[in-house]
Amino acid sequence: MLEKNQFFNAEIEDITSEGSGVCRIDGFTVFVPETAVGDVIRGKIVKVLKSYAYGIVDKIINFSADRVENDCIYYKKCGGCIFRHISYEAECRIKNNIVKNAFRRLGGLNPVFENFIGAEQIYGYRNKAQYPVAAVDGKAVCGFFAPRSHRIVSLTNCTLQPKVFKDILETVLKYINEKKISAYCEESHTGIIRHIYLRKGTYSGEIMVCIVVRKDISRQLVCLCNIISERYPDVKSIIMNINPVKTNVILGKKCVTLWGNNTISDFMSGNKIKISPLSFYQVNTVQAEHLYAKALEYAAPETYEIVADLYCGTGTIGLSMAGKAKKIIGIEIVPQAVENAIENARLNNISNAEYYCGDAGKVFEKLQKSSCTPDIIVIDPPRKGCSPETINAIAKAAPKKIVMISCNPATAARDAKILSNYGYITLKVTGTDLFPRTRHVECVVLLSKVQK
């Protein structure tokens, strides 16, 4: 049995989905962060549980061939980029294995795993960033939460974000400090500025600045709007989002446009897309286009087939398929996103797409009464996966094909396994990296109804 503070020598054999190296000491599994497969380390045990332990690196005896020089000064403090210390090729291998292991081990499934789609650009790729704001030594700062805490690591120059985000953040911080507008405190639910939230169109270049506040301070932000609009010509929208609730949910329900437009525009899969503060929109536009192209390949709709797009957001997935299908039916719970989807269809002269706001099961019931049932269902659920109600609605609709896009291979595998009980076979899976240098990985899954 291992003991806390015990030193050990071992070789790292594998990497977990959380980015920790895996080694074994007398058959006992030890997880060690900031290591790479092939590292031979001298480690120290910091925590021992019944069947595994956690360690830290005391010294690297032999370096893995996967190792590269870390290029971010915030890497160990921030915790967002867990793969900064290894090559991108090694990262893609790890993520591909995460996808495969989820379906084989967790789901008990054996689909065909197609070639992993790595990213063309691993820095500056994010079109969205949400920075929590806090008071440190009497000044407002922003950054990201340190791992497993709500302590903010103060930074404005994250290399995963467009460079202009740094300049805008520093402009906003300087203003709120000069005007003595207080930063929000989670513990006491006091203070005003909660988050600074930025979006940028990858192709259009249009930028949205959204200030998330505990209460309406629109009058205090008038001069800030003038400064931003004069200094940054690509900013097309400045919005105040009001979130008065004591919660860790970032955005509130009310948005007030302080300057410019209510939305910004971008292009996705050849379609012009309007994006509002509350709309879901993939954070890596170029990789999302590869993801949606694979989803279209899997769906392969015919001109006589109806495609239902669940969790449709602003409609980007369904609209990318509209030219191939008879009809696109988009279903989304967020009213503002549905409004965006309708507007996006209109902008692109797509007349065979219709959108419904509400629960998928209830919408399907209405459609079935009018004899409008989907041949193909495309679903892009949140990280927690599909709710039992959504699974039941899909099963009841009984489409010939289901194409699932997921940002969590584990819940995708779980849902695919559940759908197998309703007669669906998981045929193909493709892992896709939308979040280089971080732990996250997406996948596209093709399920087909077994013909009786």
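Residues numbered from 1 in each chain as written. Predicted model: local features only at pLDDT ≥ 70, side-chain atom pairs only at ≥ 80, totals over all residues. Heavy atoms only, no water.

(A) Structural context of a nonpolar patch on the surface. Taken together, the side chains of Val46, Leu49, Tyr54 and Ile56 present a nonpolar region at the surface, about 280 Å² in accessible area. Counting through the fold element by element, Tyr54 comes out in strand β6 (residues 52-62). A relative accessible area of 33% means that Tyr54 is categorised as partly exposed. (Patch = residues over 30% accessible without salt bridge, like charges linked within 9 Å, V, L, I, M, F, W, Y side chains within 5 Å. Areas by Shrake-Rupley, 256 points an atom, 1.4 Å probe, with all protein chains shown as cover. Salt bridge = Lys/Arg side-chain N within 4 Å of Asp/Glu carboxyl O. Helix = DSSP H or I, 4+ residues; strand = E, 2+ residues; numbered from the N terminus. Buried < 20%, exposed > 50% of the residue type's maximum accessible area, 1.4 Å probe, protein only.)

(B) Molecular detail of the packing of helix α8 (residues 360-369) against helix α9 (residues 388-397). Where α8 meets α9, the axes come as close as 8 Å, and the angle between the chain directions of the two elements is 20°. The angle between the axes of α8 and α9 places the two elements in the roughly parallel class. As α8 runs across α9, the sense of the crossing is left-handed. When α8 is examined against α9, the residues Ala360, Gly361, Phe364, Glu365 and Gln368 are found in contact with a partner set consisting of Ala393, Lys396 and Ala397. Residues of the contact of α8 with α9, tallied by class, amount to four nonpolar, two polar and two charged. (Axes fitted to C-alpha atoms, helices over the stretch in contact; angles between N-to-C directions. Parallel < 35°, antiparallel > 145°, perpendicular 65-115°, else oblique. Left-handed = near helix turned anticlockwise from the far one by under 90°. Contact = heavy atoms within 4.5 Å. Nonpolar A, V, L, I, M, F, W, Y, C, P; charged D, E, K, R; others polar.)

(C) Representation of helix α2 (residues 88-106) in the model. With 19 residues, α2 extends 26 Å between its outermost C-alpha atoms, agreeing within 8% with the 27 Å of an ideal straight helix rising 1.5 Å per residue. The set of residues buried in α2 consists of Tyr88, Ala90, Glu91, Cys92, Ile94, Lys95, Asn96, Ile98, Val99, Ala102 and Phe103. Close packing links the buried residues of α2 with β2 (14-15), β7 (112-117), α10 (409-420), β22 (424-432) and β23 (442-449). (Expected span 1.5 Å × (residues − 1).)

(D) Structural view of the environment of Ala300. As for its position among the elements, Ala300 is in the loop between α5 (285-299) and β17 (306-310). Owing to a relative accessible area of 36%, Ala300 belongs among the partly exposed residues under this scheme. Separated by 21 residues in sequence, Ala300 and Met321 place their C-alpha atoms 8.7 Å apart. Beyond its immediate sequence surroundings of up to four residues, Ala300 is in contact with Glu305 and Lys401.

(E) Local environment of the sheet that holds strand β1 (residues 7-11). Across the sheet, six strands lie side by side as β1-β5-β6-β4-β3-β2; this open sheet has mixed pairing. Whereas interior strands pair on both sides, the edge strands pair on one side only; in this sheet they are β1 and β2. Examined bridge by bridge, strand β3 (residues 21-25) and strand β4 (residues 28-32) share five bridges and lie antiparallel to one another. The partner of Val22 across the bridge, within β4, is Phe31. (Pairing = 2+ DSSP bridges.)

(F) Just the packing of aromatic side chains, in detail. For the structure shown, the criterion picks out five aromatic pairs. An aromatic cluster of three or more residues is present, and its members are Phe31, Tyr52 and Tyr54. Sitting above the plane of the Tyr184 ring, Arg194 keeps its charged end 4.1 Å from the centroid. (Phe/Tyr/Trp six-rings, centres within 6.5 Å; stacked < 30°, edge-to-face > 60°. Lys NZ or Arg CZ within 6 Å of the ring centre and 35° of its normal.)

(G) Summary view of unusual backbone geometry. Even without glycine at this site, Lys180 takes up a positive phi of about 55°. Here Lys180 is to be found in the loop between α3 (163-178) and β11 (193-200). Although it is not a glycine, Ser269 adopts a positive phi angle of roughly 55°. The topology assignment puts Ser269 in the loop between β15 (264-268) and β16 (271-275). According to the relative accessible area criterion, Ser269 is partly exposed, its value standing at 32%.

Geometric values such as these leave the question of function open.
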